[in-house]
Each structure stands twice: as C-alpha cells, then as structure tokens.
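Structural overview
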Amino acid sequence: MITRKKRTREHIIADISVNYVEHFIVTKGFSVERVQGDYGYDLVMFTYDTDGEIENGQVYLQLKATDHINKIDNSKVAFSVSTKDLNLWLEEPMPVILILYDAIQKEAYWLYVQAYFEKHKINLNQKYITVYFDMKNALNEETINQFREYKINVLKQVKNMEIQHDI
C-alpha cells in the first residue's frame, strides 16, 4: 500500500491562524503578504494613510497556533520560542509582532517582541525562551492600529537619528 503525506492538525490550525490575522489587517484597509519560505516571519503588513497612499515601513508578524494554550493564573499565557528566531527578531529595526493563536477558543494574543525584551532581559545562549503573553493583548481590529503606530514610532526614531548625524 502506498502512503502519502498527510495534512495534520498543526497544518490546519496554522492556516486558520493566518486567515484569522489577515482578516483584521484587511478590514482596517491595510494589506498583508504571506512569506513563502518561513525563516522567522509568516506575514508582512503594509499600511496606508487616510488617502490610501502606502506608508513607509512594514510590520513583521510571526504566528504560532496551538490547541493547548498554557494559561498562567488567568492573566498570562506562556509559550516557548526558539532563540534562533529571537536572534533575528531582536535585530530587526521594524516592529516584530509574535501572535499566538488559540485554536480551541478561536482567539489570539500578541506581543511586540522588541518592546517585550527591552523589559525582560534574557540569556540567548539557551535553546528556547519562555515568553508570557498578557491576555489583555487579544488581537482585534484596534490592535492593528497599534501595530501601525509602533511602526510610525520606529520611523520617527530613525529620522531623528539621521537628523542628529547630519548636525
């Protein structure tokens, strides 16, 4: 009997998580592109001003999906991430958002990676690091505006640095 590759539950919930996030992005009038080769990012979000003109910069999104959320005291969710991924994300100047999709509850939590690790110092010599998602950070349409603001703030900082170098 010939066997074939199987579509697993992990494949299915990964696709559902992408669809879940994309819905919020396009509903806000922004666009999103899927990264074909997953080397640390799943989606790239592009934003537009009120006239529909594309804005500089982008937001990188990494999605994780699970049927087994690890809730800590009903306020946080623990999840382990590879330090290989963290090495990439922490060197990225544009915002990197890690999103954890709870396939059972059909909701997602997010954290702004660079900001999170400014507050939580880590040892990158470990293979995995546990991060804690605040359950108040549930993904929704307004969250997408926050991601845009993070990107705008990074661009402002870059421009200020350029001005200071010119002086």
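Cut-offs applied
- Residues numbered from 1 in each chain as written.
- Predicted model: local features only at pLDDT ≥ 70, side-chain atom pairs only at ≥ 80, totals over all residues.
- Heavy atoms only, no water.
- Salt bridge = Lys/Arg side-chain N within 4 Å of Asp/Glu carboxyl O.
- Helix = DSSP H or I, 4+ residues; strand = E, 2+ residues; numbered from the N terminus.
- Buried < 20%, exposed > 50% of the residue type's maximum accessible area, 1.4 Å probe, protein only.
- Pairing = 2+ DSSP bridges.
- Axes fitted to C-alpha atoms, helices over the stretch in contact; angles between N-to-C directions.
- Contact = heavy atoms within 4.5 Å.

Here's the deal with the pattern of salt bridges
Opposite charge on two side chains allows them to pair when their charged atoms are near. Tallied over the entire structure, the rule returns 7 salt bridges. Close ionic contact of Arg 9 with Asp 67 constitutes a salt bridge, the shortest N to O distance being 2.8 Å. With Arg 9 in helix α1 (residues 9-27) and Asp 67 in the loop between β3 (59-66) and β4 (70-72), the pair connects residues that are 58 residues apart, well separated along the chain. We classify Asp 67 as partly exposed; its relative accessible area is 21%.

Thoughts on the side chain of Thr 143
By the secondary structure assignment, Thr 143 is in helix α4 (residues 141-166). A residue is classified by how much of its surface remains accessible, and Thr 143, at 2% relative accessible area, is buried.

Considering the sheet that holds strand β2 (residues 43-46)
Read from one edge to the other, the open sheet built from 5 strands follows the order β1-β2-β3-β6-β7, with strand pairing classed as mixed. Of all strands in the sheet, those bounded by a partner on one side alone are β1 (31-34) and β7 (107-112). When the angles between neighbouring strand axes are averaged without regard to direction, this sheet yields 25°. Taken together, the 7 bridges between β3 and strand β6 (residues 96-102) define a ladder with parallel strand orientation. Across the sheet, the residue bridging to Tyr 60 is Val 96, located in β6. Packing against the sheet, α1 makes contact with β1, β2, β3, β6 and β7, and its axis sits at approximately 140° to β3.

Quick look at the environment of Asp 15
In this structure, Asp 15 sits in helix α1. Considered as a pair, Asp 15 and Leu 63 are 48 residues apart in the sequence and their alpha carbons are 9.9 Å apart.

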